[in-house]
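Structure at a glance
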Amino acid sequence: MSFEEYSGIWVFIEVKDGEVVLVSLELLGAGKELADKRGTELAGVLIGENVTHLAASLFEYGADTVYVYDDTIFKNYRTESYMKALLECCQKYKPEVILYGATSTGKDLASAVATDLPTGLTADSTILDIEEDTGLLLASRPAFGGNIMATILCKKYRPQMATVRPKVMKALTPEPGRKGQLIEETASIKEEDIRTKVLEIVQFTTQKVRIDEADIVVAGGKGLGSEKGFQVVHDLAETLGGAVGASRDVVEAGWVEHHHQVGQTGLTVTPKIYFAIGISGAIQHIVGMQNSGLIIAINNDPEAPIFQSSHYGIVGDAFEIVPLLIQQFKQAFNQEVVDHV
Ligand SMILES: Cc1cc2nc3c(=O)[nH]c(=O)nc-3n(C[C@H](O)[C@H](O)[C@H](O)COP(=O)(O)OP(=O)(O)OC[C@H]3O[C@@H](n4cnc5c(N)ncnc54)[C@H](O)[C@@H]3O)c2cc1C
């Protein structure tokens, strides 16, 4: 494999409900730094139905080139169709690096593309850098339960690929009117070649805010005793406009659905504030929330491991403390409203 043929930093642009998802803009910001270091171009790969108009905002967020696959076959995300488009684009233009958001779509697509190319893939990266002279991508991520940062290299294959957690990188300030090169492509895949059909998309209507996109996550654990006891978590989340998270034991008890679960076998969250209420702090939970901006734990056991991973700890009974917090937050918000009138 001749590495000289490969150049350019690419970002897979994820589209949801007709809009570019935030992590793709964050990756354009991160990708721009890598592209500048290598003196190469930054490109986005935009796949979907009726998506071509979105390219304009990608140029404003730093993309020099946008490759577009706009076709009804890409209406809903399906691994086979998106993989085929991206593979063909890779084979034609040979990028040095491809970045994906570590979302369920990004993770699925990246692993399929990596297997088919084949090349290496670093999952859930939180730091990206590149060697200016060799173009070797340095993708770092927490390993061994967050105790070390591992920097993973792909020395033998191109393109190098990484998925990156949402809310870790920063999007550039958009430059209104900035222009780039739009390249419209057509993939050779046909509907009859695709084994999966999307019959229905079911929205989770019970969850007002997604936990992996929320700025505030209020998570509760088995220490709350019952589904009724867990209501304090819903109450605090509602007061703060946050999302409800949970430990696996809570999900297994059936108090909330699996899409609330934080941790190794649930979602990874990086909110600005994470409340852990009645959660012991098992390593499988910690790996899913340890990169939160501010972690506040409430637990009646002063020796609970969760306190070692928290910025603030409140030792006491959640059923006494959480209602007091709700009361204080409500008073503070009311005061703010009064102050603004
Ligand atoms: C392969 C594998 C994968 C796993 N994946 C996950 C995962 O993704 N996410 C996850 O969360 N777990 C996961 N687990 C389970 C994990 O190991 C723990 O069992 C689980 O996180 C414990 O849940 P908990 O903290 O809610 O309950 P507990 O460990 O029972 O802790 C309850 C806590 O509540 C406190 N408490 C009790 N009463 C009160 C009160 N009135 N007020 C305040 N505090 C109180 C207690 O002191 C205790 O610290 C996984 C396990 C395995 C083996």
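Attention here is on the structure that accompanies the text. (Residues numbered from 1 in each chain as written. Predicted model: local features only at pLDDT ≥ 70, side-chain atom pairs only at ≥ 80, totals over all residues. Heavy atoms only, no water.)

Below, the discussion takes up the pattern of salt bridges. If you walk through the whole model with that rule in mind, you get 12 salt bridges. Residues Asp36 and Lys32 are paired through a salt bridge, measuring 3.8 Å at the closest nitrogen-oxygen approach. Of the two residues, Asp36 and Lys32 are both situated in helix H1 (residues 22–38); the distance of four residues between them amounts to about one turn of the helix. Between Arg38 and Glu96 there is a salt bridge, with its nearest N and O atoms 2.9 Å apart. Here Arg38 is found in helix H1, whereas its partner Glu96 is found in the loop between helix H3 (79–93) and strand E6 (97–101), with 58 residues between them in sequence. Note on Arg38: relative accessible area 24%, which makes it partly exposed. The network of salt bridges with common partners includes Arg78, Glu191 and Lys197. (Salt bridge = Lys/Arg side-chain N within 4 Å of Asp/Glu carboxyl O. Helix = DSSP H or I, 4+ residues; strand = E, 2+ residues; numbered from the N terminus. Buried < 20%, exposed > 50% of the residue type's maximum accessible area, 1.4 Å probe, protein only.)

Let's shift gears to the sheet that holds strand E13 (residues 216–220). Ordered in space as E14-E13-E15-E16-E17, the five strands form an open sheet in which the pairing is parallel. Each of the sheet's edge strands pairs with one partner strand only, and the pair in question is strand E14 (243–246) and strand E17 (312–315). Here the average twist between neighbouring strands, direction ignored, is 20 degrees. For E13 and strand E15 (residues 273–277), the ladder comprises five bridges, and the chain directions are parallel. Paired with Val217 across the two strands is Tyr274, which belongs to E15. (Pairing = 2+ DSSP bridges. Axes fitted to C-alpha atoms, helices over the stretch in contact; angles between N-to-C directions.)

Attention now moves to the sheet that holds strand E10 (residues 148–152). Read from one edge of the open sheet, three strands run E8-E9-E10, paired in antiparallel fashion. Sheet topology places strand E8 (127–130) and E10 at the edges, where each strand pairs with a single neighbour. Across the sheet, the axes of successive neighbouring strands diverge by a mean angle of 25 degrees, strand direction being ignored. Two elements, strand E9 (residues 137–143) and E10, share five bridges in a ladder whose sense is antiparallel. Note that in E10 the partner of Ser140 across the bridge is Thr151.

Moving on, we get to the nonpolar core. Counting residues in each nonpolar core, the largest one holds 32 residues, and the members touching the most others are Ile9, Leu28, Leu46, Leu58, Val66, Leu99 and Leu128. For this core, the element with the highest residue contribution is H1, accounting for seven residues. In contact with Leu28, not counting residues within four places along its chain, are Val11, Ile13, Leu42, Leu58, Tyr61 and Ala63. Ile73, Leu86, Ala114 and Ala187 belong to the second largest nonpolar core, which has 28 residues in total. (Core = buried A, V, L, I, M, F, W, Y, C linked by side-chain atoms within 4.5 Å. Contact = heavy atoms within 4.5 Å.)

So, about the packing of H3 against helix H4 (residues 104–116). The interhelical angle for the contact between H3 and H4, taken along N-to-C directions, is 55 degrees, at an axis separation of 10 Å. Taken together, the axes of H3 and H4 are oblique relative to one another. Helix-helix and strand crossings are classified by hand; for H3 and H4 the assignment is right-handed. Side by side, H3 and H4 meet where Thr79, Tyr82, Met83, Leu86 and Leu87 of the first sit next to Asp108, Leu109, Ala112, Val113 and Asp116 of the second. Residue classes in the contact of H3 with H4 are distributed as seven nonpolar, one polar and two charged. (Parallel < 35°, antiparallel > 145°, perpendicular 65-115°, else oblique. Left-handed = near helix turned anticlockwise from the far one by under 90°. Nonpolar A, V, L, I, M, F, W, Y, C, P; charged D, E, K, R; others polar.)

Before going further, it helps to examine H3. Relative to the 21 Å expected for 15 residues at 1.5 Å per residue, H3 spans 21 Å between its end C-alpha atoms, a close match to the ideal helical length. Those residues of H3 that fall on the buried side of the exposure criterion are Glu80, Ser81, Tyr82, Met83, Ala85, Leu86, Leu87, Glu88, Cys89 and Cys90. Its buried side turned inward, H3 meets strand E1 (9–13), strand E4 (42–48), strand E5 (65–70), E6 and H4. Phi for Lys94, located one or two positions after H3, is positive at around 50 degrees. (Expected span 1.5 Å × (residues − 1).)

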